[in-house]
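Chain residues, written in single-letter form:
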Amino acid sequence: QVQLVESGGGLVQAGGSLRLSCAASGRTFRSYTMGWFRQVPGKEREFVATIAAWSGGSTDYADSVKGRFTVSRDNGKNMMYLQMNALKPEDTAKYFCAAGPVNSKWSRHYNYWGHGTQVTVSS
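Now for a description of the structure that goes with this document.

Definitions and cut-offs
- Residues numbered from 1 in each chain as written.
- Predicted model: local features only at pLDDT ≥ 70, side-chain atom pairs only at ≥ 80, totals over all residues.
- Heavy atoms only, no water.
- Buried < 20%, exposed > 50% of the residue type's maximum accessible area, 1.4 Å probe, protein only.
- Helix = DSSP H or I, 4+ residues; strand = E, 2+ residues; numbered from the N terminus.
- Pairing = 2+ DSSP bridges.
- Salt bridge = Lys/Arg side-chain N within 4 Å of Asp/Glu carboxyl O.
- Polar contact = N/O pair within 3.5 Å; in protein donor to acceptor, adjacent residues only side chain to side chain.
- Contact = heavy atoms within 4.5 Å.

1. Remarks on the pairing of strand β7 (residues 69–74)
Here is step 1 of the chain: Side chains Phe-69, Val-71 and Arg-73 project from β7 onto a buried face, and the interleaved Thr-70, Ser-72 and Asp-74 project onto a face without burial.
Here is step 2 of the chain: Bridge analysis of β7 against strand β8 (residues 79–84) gives six bridges, and the strand direction is antiparallel. Paired with Thr-70 across the strands is Gln-83, a residue of β8.

Structure (structure tokens):
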């Protein structure tokens, strides 16, 4: 059983940075792949990044954020992070933390979800 809570969203100007955090509860956290997804009202949830279960594990990024975003995790703290740099207005969305048993960029493969944190990038 894993419970997830996101934080760190807010309003930032284009070109700025934010770091999102995902706090996980449960001893099973270390065995789960973690992912970040984002969603704009009226649109489908979009893959952003994933990181494998092991500390410092392999990562995957959507092309739209590659080179700007960095996902990391600290299993000792039961935390996952998304460092977002060079933010663009098109990054505006609600960002969700997710956990699942296998590496996947598909949201349907994730068992646990946070409630999301809003990121708004102004121009």
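2. Structural notes on the pattern of salt bridges
Here is step 1 of the chain: If you walk through the whole model with that rule in mind, you get four salt bridges.
Here is step 2 of the chain: With a closest N to O distance of 3.0 Å, Glu-46 and Arg-38 form a salt bridge.
Here is step 3 of the chain: Judged by its relative accessible area of 34%, Glu-46 is partly exposed.
Here is step 4 of the chain: The class of Arg-38 is buried, set by a relative accessible area of 5%.
Here is step 5 of the chain: Asp-91 is the salt-bridge partner of Arg-38, the closest N and O atoms lying 3.0 Å from each other. On the criterion of sequence distance, the pair formed by Arg-38 in strand β4 (residues 33–39) and Asp-91 in the loop between β8 and β9 (93–100) is long-range, its members being 53 residues apart. Asp-91 carries the same exposure label as Arg-38, and that label is buried.
Here is step 6 of the chain: One network of salt bridges, with partners in common, ties together Arg-38, Glu-46, Arg-68 and Asp-91.

3. A word on the side chain of Thr-117
Here is step 1 of the chain: By secondary structure assignment, the location of Thr-117 is in strand β11 (residues 117–122).
Here is step 2 of the chain: A distance of 3.1 Å separates the side chain of Thr-117 from the backbone nitrogen of Gly-9, its partner in a polar contact.
Here is step 3 of the chain: Those residues within four positions of Thr-117 in sequence are excluded, and the remaining contacts are Glu-6, Ser-7, Gly-8, Gly-9, Leu-20, Ala-93, Lys-94 and Tyr-95.

4. Description of the pairing of β4
Regular strands place side chains that alternate from one sheet face to the opposite one.
Here is step 1 of the chain: Buried residues dominate β4, accounting for six of its seven residues.
Here is step 2 of the chain: Looking at chain direction, β4 and β9 are connected through seven bridges and run antiparallel. Bridge assignment links Gln-39 to a residue of β9, and that residue is Lys-94.
Here is step 3 of the chain: By the bridge criterion, five bridges tie β4 to strand β5 (residues 46–51) in an arrangement that is antiparallel. The partner of Phe-37 across the bridge, within β5, is Phe-47.
Here is step 4 of the chain: Between β4 and β5, which follow one another and run antiparallel, lie six residues, and Gly-42 among them has a positive phi close to 85 degrees.

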